[in-house]
Amino acid sequence: MSAKGTSPDPGTRQARALNDLPVPSFVGDFVLPGHLQLECGRTLVCPTLRYAVYGQLNAARDNVVLACHALSGSALVGEWWPGLFTNRNQTAGPVTSGLVDLTNDCVVCINLLGSCYGSTGPGSVDPATGQVFGPNFPLISVRDNVRAQAQLLDSLGISSLRLVLGASIGGMQALEWAILYPTRVKRALVLAVAPLNASGLGHNHLQRQAILMDPDWQGGNYSPERPPLRGLAMARQIATITYKSPQLFASRFGRNPNRNGEDPWSLDREGGGLRAGRFDISGYLDHQGEVFHKRFDANSYLAILRTMELWDPVRGYDSAQGAFARIQAEVTFVGIRTDVLFPAAEVRQLAQTVAAAGVRVQYLEMDSDHGHDAFLAEEDKLFKLLS
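Because the structure is predicted, anything quoted here is derived from the model rather than measured.

The next subject is the overall build of the chain. Of regular secondary structure, the chain possesses 12 helices and 13 strands. Its C-alpha atoms give the chain a radius of gyration of 21 Å, near enough to 21 Å, the size a compact globule of 387 residues would have. With respect to the principal axes defined by its C-alpha atoms, the chain has extents near 70 × 50 × 50 Å. Across the 387 residues of the chain, 54% fall into the buried class. Here the contacts in the chain between residues at least 6 apart in sequence split such that 72% fall between residues at least 24 apart. Summed over its atoms, the accessible surface of the chain is roughly 17,000 Å², and 52% of this surface lies on carbon and sulfur atoms. Of the charged side chains in the chain, 34 are positive and 36 negative, and the gap between their average positions amounts to 2 Å.

Next comes the structure, spelled out in structure tokens:
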């Protein structure tokens, strides 16, 4: 286990001044000993997990909060989810009440396998071949991630989690933790997630196709100097449609021309009418794609899409009762009223199914026009709901 430098975090938020973001007490790597057996039948040899720790373990090592990140997040949870933390620095910003207080809590966040932010992923070297994994990177499940995370926490002497929480794919991890390690988890917060429905699977398919159809993808063997930027940007634009709500798009963009002055009614330079000025929503989506392809890797995106879409907490058990009856923790589910990726009704149904197995369950619903992204865009509202 050694501390190493990290790249700038992909999800830095502007909710607080940069000098007021929570600072990790440790950022480093844990190399799993031996082979990690994967659900797909393959193994990873001594994979690496990048992780960050905020605050300090107490003597009993029972003050740990495990924060699980979503698709394109990193271990630096203090940068992409600062509202999670209580802010007591009155000189640098307003006093805020998050779910965790670093005067008492120790927060751990672990980068997903498959990511490009420090943990073993498609851009890593396969010890078995000495070559970059690329398209040969194996299928990684949510359970694979949780089992690897458990080994990391074991290495730190952490056997009990006061709280495990996450949204989207992070919520998948939180629920899996409660199922796989029932005696270790006291409370789980499962936010804005349920098994991905047909619409979500369809959007994932389109995102994947956008990357695969980019000539620069080169069957997944692209060079770092020429990655499939156009395909990754298009994938992110498709995803953004699912991250926001129709209500938000209508109020923010409507049918307005792009704010840079383009005219959707204009002809192109050659006088043709098939392409011309963009609407405002088009300019926004193009910007999201451009920003994203500068900070993420296409093969990592493909890997984590697969992790996301294959999650089914009941898979491998005789029934939903058999899976969820294992849980000893108190579990709180949160749906977001305008979420089109993981609709609130489906989150509520999952909560009811877990409760039917005899688990202590609470379901809450967040009222926001931000859609799925509300857990980031309105984090203060979310944490007030949960407090």
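What follows continues from the structure just given.
A separate point is the environment of Gly 34. If you trace the backbone, Gly 34 turns up in the loop between β2 (26–31) and β3 (35–37). Among the residues examined, Gly 34 registers a relative accessible area of 33% and is labelled partly exposed. Each C-alpha atom, one on Gly 34 and one on Val 45, is 6.0 Å from the other, the two residues being 11 residues apart in sequence. Excluding its chain neighbours within four sequence positions, the residues that come into contact with Gly 34 are Leu 44, Val 45, Cys 46 and Pro 47.

This part covers the pattern of salt bridges. According to the stated counting rule, one finds 19 salt bridges in the structure shown. Note that Arg 184 is salt-bridged to Asp 154, the shortest N-O span being 3.0 Å. Of this pair, Arg 184 sits in the loop between α3 (169–180) and β11 (187–191) while Asp 154 sits in helix α2 (residues 142–155), and the two are 30 residues apart along the sequence. On the basis of relative accessible area, Arg 184 is assigned to the buried category, the value being 11%. You can call Asp 154 partly exposed: its relative accessible area is 46%. Residues Arg 259 and Asp 280 are paired through a salt bridge, measuring 2.6 Å at the closest nitrogen-oxygen approach. On the criterion of sequence distance, the pair formed by Arg 259 in the loop between α6 (246–252) and α7 (280–293) and Asp 280 in helix α7 is long-range, its members being 21 residues apart. A relative accessible area of 62% places Arg 259 in the exposed class. Each member of the salt-bridge network shares a partner with another, and the members are Glu 39, Arg 143, Glu 176 and Arg 315.

A few words on the packing of aromatic side chains. Tallied over the full model, the rule gives 14 aromatic pairs. Aromatic pair Trp 177 and Tyr 181: ring centres 5.0 Å apart, planes at 45°, arrangement tilted. Residue classification places Trp 177 among the buried positions, given a relative accessible area of 0%. Among the residues examined, Tyr 181 registers a relative accessible area of 21% and is labelled partly exposed. Members of the aromatic cluster, each reached through a chain of ring pairs, are Trp 80, Trp 81, Phe 375 and Phe 383. Taking NZ or CZ as reference, Arg 184 lies 5.6 Å from the ring centre of Tyr 181, over its face.

We now examine the side chain of Arg 208. Looking at the secondary structure, you find Arg 208 in helix α4 (residues 198–212). Residue class for Arg 208 comes out buried when judged on its relative accessible area of 17%. In this view, Arg 208 contacts Leu 302, Leu 305, Arg 306 and Glu 309; residues no more than four positions away in its chain are not counted.

Let us now look at the pairing of strand β7 (residues 106–110). Here is the key point about a regular strand: its side chains alternate between the two faces of the sheet. Most of β7 is tucked away, with 5 of its 5 residues classed as buried. Of the two faces of β7, both are covered, the one formed by Cys 106, Val 108 and Ile 110 as well as the one formed by Val 107 and Cys 109. Strand direction decides the pairing type here: strand β5 (residues 48–54) and β7, joined by 4 bridges, are antiparallel. Along β7, the bridge assignment pairs Tyr 54 with Val 107. Examined bridge by bridge, strand β6 (residues 64–68) and β7 share 4 bridges and lie parallel to one another. What sits directly across from Leu 66, in β7, is Val 108.

Keep in mind that low pLDDT regions are not for reading the predicted coordinates in detail. Averaged over every residue, the pLDDT of the chain is 93; the share at 70 or more is 93%. When the criterion is pLDDT under 50, residues 1–16 qualifies, and its contacts beyond four places in sequence or with other chains add up to 49 contacts.

So, about the nonpolar core. Core analysis: the biggest nonpolar cluster contains 77 residues, and Tyr 301 and Ile 327 have the highest contact counts within it. It is α3 that provides the largest number of residues to this core, a total of 8 residues. Residues in contact with Ile 327, not counting those within four places in the same chain, are Leu 175, Ala 178, Ile 179, Pro 182, Val 354 and Val 359.

For Tyr 317, the position within the fold is in the loop between α8 (298–309) and α9 (320–324). Classification of Tyr 317 as partly exposed rests on a relative accessible area of 24%.

Procedures and definitions
Residues numbered from 1 in each chain as written. Predicted model: local features only at pLDDT ≥ 70, side-chain atom pairs only at ≥ 80, totals over all residues. Heavy atoms only, no water. Helix = DSSP H or I, 4+ residues; strand = E, 2+ residues; numbered from the N terminus. Rg over C-alpha atoms; globule rule 2.2 N^0.38 Å. Buried < 20%, exposed > 50% of the residue type's maximum accessible area, 1.4 Å probe, protein only. Contact = heavy atoms within 4.5 Å. Areas by Shrake-Rupley, 256 points an atom, 1.4 Å probe, with all protein chains shown as cover. Lys, Arg positive; Asp, Glu negative; His and termini not counted. Charge placed at Lys NZ, Arg CZ, Asp CG, Glu CD. Salt bridge = Lys/Arg side-chain N within 4 Å of Asp/Glu carboxyl O. Phe/Tyr/Trp six-rings, centres within 6.5 Å; stacked < 30°, edge-to-face > 60°. Lys NZ or Arg CZ within 6 Å of the ring centre and 35° of its normal. Pairing = 2+ DSSP bridges. pLDDT = per-residue confidence, 0-100. Core = buried A, V, L, I, M, F, W, Y, C linked by side-chain atoms within 4.5 Å.

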